[in-house]
Amino acid sequence: LSLCSNVRGFDLFDDPTWCPPERNLLREFYNDAKGQEWTNAAGWVDEFRYHCEWYGVECDEEGQIVKLTLGNGGLSGRISDAICNFRSLETVDLRDNDLKGGIPSEIGNLLNLSSLIISFNGITGTIPDGLADLAKLEILHLHGNRLQGTVPRLGSKGQTKSSFIADCGS
């Protein structure tokens, strides 16, 4: 029985001491990306293990997630919208997996994001307009997917270095 199962009246889902919001959002990400099939899901969804110790998760001193590094990890399913709620997130590396669907439309809310690497998946749809609002974004790797739309210009907000890789996705 889960302490954080979100069963009204029978759990501690809304108690941030027992069920930190970041852990609940990571659980949603895990489920949407079919975490039970990952090649390494060490610690994931373990209620008694600090979420900053879960494989591929790095946090700052306050326990806010700053890096999500799960490249080549057997992820499938889709990129969860939950990822857009990690306000301190600086790096997302989900390359070389089998993720489908689109890039979450609210990705532009991640104002600290400096690196978004989602290359070599099965991602489709339109590149979200919100990427253009990410002033700190320096690395954007979208190649190996089937995306369409306008790619934001990196380095246009005072940066001196940037990296962008994409393809047409024929």
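Up top is the structure these notes are about.
This report concerns the structure included in the present document. Please read these numbers as outputs of a predicted model, since none were measured by experiment.

Reading the values: the criteria
Residues numbered from 1 in each chain as written. Predicted model: local features only at pLDDT ≥ 70, side-chain atom pairs only at ≥ 80, totals over all residues. Heavy atoms only, no water. Core = buried A, V, L, I, M, F, W, Y, C linked by side-chain atoms within 4.5 Å. Buried < 20%, exposed > 50% of the residue type's maximum accessible area, 1.4 Å probe, protein only. Helix = DSSP H or I, 4+ residues; strand = E, 2+ residues; numbered from the N terminus. Disulfide = S-S within 2.5 Å. Salt bridge = Lys/Arg side-chain N within 4 Å of Asp/Glu carboxyl O.

## Re the nonpolar core
Part 1 of the reasoning: With 38 residues, the main nonpolar core has Phe-29, Trp-44, Leu-68, Ile-83, Leu-89, Leu-94 and Leu-113 as its most contacted residues.
Part 2 of the reasoning: Broken down by secondary-structure element, the contributors of at least two residues to this core are helix H1 (21–32), strand E1 (57–59) and strand E2 (65–69).
Part 3 of the reasoning: The biggest single contributor to this core is H1, with four residues.

## Some remarks on the state of the cysteines
Part 1 of the reasoning: Here the structure, examined in full by the defined rule, presents one disulfide.
Part 2 of the reasoning: Shown here is the disulfide that connects Cys-52 with Cys-59, its sulfur atoms set 2.0 Å apart. Taking the sign of the S-S torsion, about -95° here, the bridge from Cys-52 to Cys-59 comes out left-handed. The same class applies to Cys-52 and to Cys-59, which are both buried.

## Here's the deal with the pattern of salt bridges
Part 1 of the reasoning: Scanning the model with the defined rule gives five salt bridges in all.
Part 2 of the reasoning: We note a salt bridge from Asp-93 to Arg-95, for which the minimum N-O separation is 2.6 Å.
Part 3 of the reasoning: Here the residues in one salt-bridge network are Asp-32, Arg-78 and Asp-81, joined through shared partners.

## Remarks on unusual backbone geometry
Glycine aside, residues mostly have negative phi angles, and peptide bonds mostly take the trans form.
Part 1 of the reasoning: Look at Val-45: it is not a glycine, yet its phi comes out positive at around 60°.
Part 2 of the reasoning: Summarising the element assignment, Val-45 is placed in the loop between H1 and E1.
Part 3 of the reasoning: The class for Val-45 is partly exposed, based on a relative accessible area of 27%.
Part 4 of the reasoning: The backbone phi angle of Asn-72 is positive, close to 50°, even though this residue is not glycine.

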